[in-house]
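# Geometric and topological summary
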Number of protein chains: 4
Amino acid sequence: MNNAPNSITDKKQAILDSALSLFVEKGFNATSTASIAKTAGVATGTLFHHFPTKNDIMNQLFLSIKQEFANHMVNSIERCGDIETDANNLWQKAIDWAIAQPLKQLFFLQYSMSADIDTAVRKQAMTSILGFVVDLIEQGKQQGIIADFPSELLLENCHGQYLAAIRFFTDNPHLGDDKIHRNASFKLFWHAMKAQ
Amino acid sequence: MNNAPNSITDKKQAILDSALSLFVEKGFNATSTASIAKTAGVATGTLFHHFPTKNDIMNQLFLSIKQEFANHMVNSIERCGDIETDANNLWQKAIDWAIAQPLKQLFFLQYSMSADIDTAVRKQAMTSILGFVVDLIEQGKQQGIIADFPSELLLENCHGQYLAAIRFFTDNPHLGDDKIHRNASFKLFWHAMKAQ
Amino acid sequence: MNNAPNSITDKKQAILDSALSLFVEKGFNATSTASIAKTAGVATGTLFHHFPTKNDIMNQLFLSIKQEFANHMVNSIERCGDIETDANNLWQKAIDWAIAQPLKQLFFLQYSMSADIDTAVRKQAMTSILGFVVDLIEQGKQQGIIADFPSELLLENCHGQYLAAIRFFTDNPHLGDDKIHRNASFKLFWHAMKAQ
Amino acid sequence: MNNAPNSITDKKQAILDSALSLFVEKGFNATSTASIAKTAGVATGTLFHHFPTKNDIMNQLFLSIKQEFANHMVNSIERCGDIETDANNLWQKAIDWAIAQPLKQLFFLQYSMSADIDTAVRKQAMTSILGFVVDLIEQGKQQGIIADFPSELLLENCHGQYLAAIRFFTDNPHLGDDKIHRNASFKLFWHAMKAQ
DNA sequence: AATGAATGAGGTTTCATTCAT
DNA sequence: GATGAATGAAACCTCATTCAT
């Protein structure tokens, strides 16, 4: 009876895990609920017991991965005073995370702008979950370190450059540890953002 | 009688046009081949006479739009001597094109990284069609004007920033003519690329 | 409540039954999966839940009927000592079976050599299911009662003559009980097989 | 203008040839008119100019091959007085023909009893074209050499044994020249037919 | 909570046939 | 006679979802 007090059922997690790898490998629409259930080792009925809808799987998956990423980032923040150094640390942590989690990284690349995720959900992820990025940008601007461009434009640019960077390291996995490329990817980002 | 001397069948083009607007409006999978044919004013059989597969429509559409964009850009290149000015002109032309072609812009945003387009096709678009960007980058590097970062990384970053910019102007259409934002979007891009 | 303890789902059997009569009446290709499902009183989805493919229906149907025939024959074998009498009994039992099961008989005639059944399946039916015929032929040869011809040739000839006989009785149903024709059909067969 | 006075157009014959090999290789229904036209090197329109219907191709093909076979047989008849020898000669000629024309032989095996050929056409082939077999049987019966069984039954049995024989030699091509098997196949047939 | 047989609307694709050139 | 683009009905099959157990 007293199964470990798992807040999320084993089966539910198994379903999310299977969905992640199948969505990445085959795409959202080419993945049937039946195949997710089979891969997860549960019955179709069980799947729909946990997720009323196929889209719910996608939305929950998207939120949970974005949240996991945000948590990882927030926990990594440690100020040293020099804002460029701080930014570099954060950027490298973000790349590290992506390289360490290839599946989730590919998921980002494919679905960050896809129509398969509800607009509301994507908006929620952007604003509330990635809110810490907004905060950092605001602080940088007030200190005159980050360029005085419209904040929304800066945020979008941030996101765009991050996706570009991890796409590059995805296509060239052997460069994941290369100092030159890692450093260059940050420099590109930072030069764009910083006040001249 | 006097049917225009169509080099590409009228019907084939009509199918591509319909597919573009439907894919953007409803998404690839929510668009049935039947609805494409109906919108194009042809029979389903005709659609499959020109495109063996629904995916072929998508791939050809992607290539033709990328090509159209590349042609537009290449024709817009005019040197004035100052490379930053040249770059700015190009960048603004690219944004103009996106704003003038909302459907194709939205198509880019949704499908540039989607699994609905064959990997080979996307690769082809990047390398052969957008080759002129690569050329520009190489020249800039040789003249010491563009930062000495790995070219592939620079290209990917370029692409990422462009997508971010048009995404911003899509979400905020009223800012499409705003000098401040247009200028800022170029500055972000340029600061990233240029040698410091 | 008390659903019969069906070993093979009722629905699956209903599908096979409907397929049998439709395939015989209209031919394999003129029979749509939709019509099979409708006749069987199930949804199309149910049909494909049990048989992944329309061809699978055909193959399973073929095997099950051949098996049913083989079972009937094996159960009918009863030796009296005189081998010709035994053979006659078997032959008449086989004709009886065909006449009693007009649908299955017609199915044999139409599909025994059709390309609508996988080669592998037809081969399986010939060798493993109709193995008892092979056994009988071998015994007869060893006792010097059946002609010393290559066994494979004998088996094929057996099959061919049986099909010819039931085709004759199908085309002339009123002769099904006629002693002269029934006897002649056996004589033809037996004279071919027996050692002279 | 004065193209060689070919009674049958080259193209029409090309269509029949292509149909023969495709029907044998893929089956009637799995063969599209488009593929027949392509293989024959003509346009679809041309195909339908010569054959109003796909079924017409099949029917004409069936008749022409049966006729060709009948012609070959009739031309081969040469009496020597001994009826068994005559029958043997004919039988071996028939087998020879089948072995020399593997495609047409396979066509016989697949379609001799198929529903893809109109009943009327099959009946016509059986009665008028194969009429010479009927004649031979009648003569043999009157001379007391062939068993006094109902003629229709004898004809059907003949046909059945012939199909069985060529199926055997199809499945075992290396035995096509083997005296033992060739002789045995005739013996089986002849023992069945002859008066005891 | 878990199962998996059942559903049926809807999707993509095929194909015999037509017809204007 | 020859061509091949165009047609549209109809086929096979998929799949998200339900529900009785």
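Model, not experiment: these values are computed from the prediction.

This part covers the overall build of chain A. If you tally the helices and strands in chain A, you get ten helices and zero strands. Start at the N end of chain A and walk to the C end: the helices and strands fall as α-α-α-α-α-α-α-α-α-α. Counting only C-alpha atoms and orienting by the principal axes, one finds that chain A spans roughly 60 × 35 × 35 Å. Taking as baseline every contact in chain A between residues at least 6 positions apart, the subset at least 24 positions apart corresponds to 70%. Total accessible area on chain A is roughly 9500 Å²; 53% of this is exposed by carbon and sulfur atoms. Distance between charge centres in chain A, computed from 17 positive and 20 negative side chains, equals 4 Å.

What follows covers the UniProt feature "DNA-binding region" (unreviewed entry) in chain A. As recorded in UniProt, the feature "DNA-binding region" (unreviewed entry) lies at residues 32–51 of chain A. Counted over residues 32–51 of chain A, helix gives 75% and strand 0%. Its end C-alpha atoms are 14 Å apart.

Glancing now at the interface of chain A and chain B. Taken together, the contact between chain A and chain B spans 30 residues of the former and 30 residues of the latter. Summing both sides of the interface, chain A and chain B together bury roughly 3000 Å²; the carbon and sulfur share of this comes to 68%. A per-residue breakdown of the area chain A buries against chain B is headed by Met113(A), Leu153(A) and Leu188(A), which together make up 23% of the total. On inspection of chain A and its partner chain B, the count reaches one salt bridge. Glu156(B) is paired through a salt bridge with Arg167(A); the nearest N and O atoms lie 2.8 Å apart. Counting across the chain A and chain B interface gives five residue pairs in polar contact (both at pLDDT 80 or more). Counting residues per element, the side of chain A that touches chain B draws most heavily on helix H9 (residues 151–171) of chain A, at eleven residues. In terms of residue class, the side of chain A that touches chain B is made up of 13 nonpolar, eleven polar and six charged.

A word on the packing of helix H1 (residues 10–26) of chain C against helix H2 (residues 33–40) of chain C. Residue and element names in this part refer to chain C. Relative orientation of the contacting elements H1 and H2 amounts to 125°, with a least axis distance of 8 Å. Judged by the angle between their axes, H1 and H2 are oblique. Along this stretch, H1 crosses H2, giving a crossing that reads as right-handed. Here Ala 14, Ile 15, Ser 18, Ala 19, Leu 22 and Phe 23 of H1 lie close against H2, whose contacting residues are Ser 35, Ile 36, Thr 39 and Ala 40.

Before going further, it helps to spend a moment on the protein's contact with DNA strand F. Contacts to DNA strand F come from 29 residues, most closely from Thr33(A), Thr46(B), His50(B), Lys54(C) and His49(D). If you look at DNA strand F and keep only atoms within 4 Å of the protein, 67% of those are sugar or phosphate atoms. Taking Thr46(B), its side chain carries an N or O atom lying 2.3 Å from a phosphate oxygen of DNA strand F. At 2.9 Å, a side-chain N or O of His50(D) approaches a phosphate oxygen of DNA strand F. At the level of elements, helix H3 (44–50) of chain B together with helix H3 (44–50) of chain D are the ones that each hand at least two residues to the surface near DNA strand F. For the surface near DNA strand F, a count of residues per class yields six nonpolar, 19 polar and four charged.

Let us now look at the relation of the copies chain C and chain D. By a simple turn and slide, chain C fits onto chain D: the slide is 0.0 Å along the axis, the RMSD is 0.3 Å, and the turn is 179°. On the angle and the small slide along the axis, the relation comes out as a two-fold axis. The C-alpha atom lying nearest the rotation axis in chain C is that of Ala192(C); the distance is 2.3 Å. A symmetric contact is evident, with 97% of the interface residues of chain C recurring at the interface of chain D.

Attention now moves to the confidence of the model for chain A. In low-pLDDT regions, the fine details of the predicted coordinates are not to be read closely. In the predicted model, chain A carries a mean pLDDT of 90, and 96% of its residues have values of at least 70. Confidence drops under a pLDDT of 50 for residues 1–5 of chain A, and excluding neighbours within four residues, the segment shows zero contacts in the predicted structure.

Right, let's get into the interface of chain C and chain D. Listed as interface residues are 30 residues of chain C and, on the opposing side, 30 residues of chain D. Summed over both sides, the interface of chain C with chain D buries roughly 3000 Å², with 68% coming from carbon and sulfur. Joining chain C to chain D, the criterion identifies five residue pairs in polar contact (both at pLDDT 80 or more). Looking at the side of chain C that touches chain D, the elements with two or more residues in it are helix H6 (102–111), helix H9 (151–171) and helix H10 (179–193) of chain C.

This part takes up the state of the cysteines. Summed over all chains, the structure comprises zero disulfides over all chains. As a non-bridged cysteine, Cys158(A) has Cys158(B) as the owner of its nearest cysteine sulfur, 17 Å distant.

The subject of this paragraph is the nonpolar core. With 128 residues, the main nonpolar core has Phe23(C), Phe107(C), Phe108(C), Tyr162(C), Phe23(D), Phe107(D) and Tyr162(D) as its most contacted residues. Membership of the second largest hydrophobic core comes to 127 residues, among which are Ile36(A), Ala40(A), Met73(B) and Ile129(B).

What follows is about empty space enclosed by the protein. Overall, the coordinates contain seven cavities of 30 Å³ or more when judged by the stated rule. A volume near 60 Å³ is recorded for the largest cavity. Along its surface, the largest cavity is lined by Trp91(A), Gln161(A), Ala164(A), Ala165(A), Phe168(A), Ser185(A), Leu188(A), Phe189(A), Leu153(B), Glu156(B) and Asn157(B). Contributions of two or more residues to the lining of the largest cavity are made by H9 and helix H10 (179–193) of chain A together with helix H9 (151–171) of chain B. Looking at the lining of the largest cavity, the element that brings in the most residues is H9(A), giving four residues. In terms of residue class, the lining of the largest cavity is made up of seven nonpolar, three polar and one charged.

Around DNA strand E, the structure places 29 residues, and the nearest of them are Thr46(A), His49(A), Thr46(C), His50(C) and Thr33(D). Backbone sugar and phosphate groups make up 67% of those atoms of DNA strand E lying within 4 Å of the protein. Within the contact set of DNA strand E, a phosphate oxygen lies 2.9 Å away from a side-chain nitrogen or oxygen of His50(A). For the surface near DNA strand E, the elements supplying multiple residues, two or more each, are helix H3 (44–50) of chain A together with helix H3 (44–50) of chain C.

Now for the pattern of salt bridges. Residues and elements named next belong to chain B. Taken as a whole, this structure holds ten salt bridges over all chains when the rule is applied. Here Lys 104 ties to Glu 68 by a salt bridge, and the two come within 2.9 Å at their closest N and O atoms. A residue pair is termed long-range when its members are at least 10 positions apart, and Lys 104 in helix H6 (residues 102–111) and Glu 68 in helix H4 (residues 54–76) qualify at 36 residues. In this structure Lys 104 comes out as buried when scored by relative accessible area, which is 16%. Residue classification places Glu 68 among the partly exposed residues on the basis of a relative accessible area of 29%.

Let us now look at the layout of surface pockets. Roughly 1300 Å³ of internal volume is contained in the largest pocket. Around the largest pocket, the lining is made up of 50 residues, and of these Ser112(C), Met113(C), Ser114(C), Thr119(C) and Arg122(C) lie nearest the centre. Broken down by secondary-structure element, the contributors of at least two residues to the lining of the largest pocket are H1, helix H4 (54–76), H6, helix H7 (119–129) and H9 of chain C together with helix H1 (10–26), helix H6 (102–111) and helix H9 (151–171) of chain D. Sorting elements by how many residues they give to the lining of the largest pocket places H7(C) first, with six residues. When grouped by side-chain class, the residues that make up the lining of the largest pocket number 21 nonpolar, 15 polar and 14 charged.

Each value, and the rule that gives it
- Residues numbered from 1 in each chain as written.
- Chains lettered and ligands numbered in written order.
- Predicted model: local features only at pLDDT ≥ 70, side-chain atom pairs only at ≥ 80, totals over all residues.
- Heavy atoms only, no water.
- Helix = DSSP H or I, 4+ residues; strand = E, 2+ residues; numbered from the N terminus.
- Contact = heavy atoms within 4.5 Å.
- Areas by Shrake-Rupley, 256 points an atom, 1.4 Å probe, with all protein chains shown as cover.
- Lys, Arg positive; Asp, Glu negative; His and termini not counted.
- Charge placed at Lys NZ, Arg CZ, Asp CG, Glu CD.
- UniProt positions renumbered as here; feature names shortened; annotations may be inferred.
- Buried area = accessible area lost by both parts, 1.4 Å probe.
- Salt bridge = Lys/Arg side-chain N within 4 Å of Asp/Glu carboxyl O.
- Polar contact = N/O pair within 3.5 Å; in protein donor to acceptor, adjacent residues only side chain to side chain.
- Nonpolar A, V, L, I, M, F, W, Y, C, P; charged D, E, K, R; others polar.
- Axes fitted to C-alpha atoms, helices over the stretch in contact; angles between N-to-C directions.
- Parallel < 35°, antiparallel > 145°, perpendicular 65-115°, else oblique.
- Left-handed = near helix turned anticlockwise from the far one by under 90°.
- Near = heavy atom within 4 Å.
- Least-squares fit on C-alpha atoms with pLDDT ≥ 70 in both.
- pLDDT = per-residue confidence, 0-100.
- Disulfide = S-S within 2.5 Å.
- Core = buried A, V, L, I, M, F, W, Y, C linked by side-chain atoms within 4.5 Å.
- Buried < 20%, exposed > 50% of the residue type's maximum accessible area, 1.4 Å probe, protein only.
- 1 Å grid on protein atoms, 1.4 Å probe; cavity = no way out; pocket = protein on both sides within 12 Å on 5 of 7 lines; lining within 4 Å.
- Points joined across faces, edges and corners; volume = space filled by probe spheres on them.

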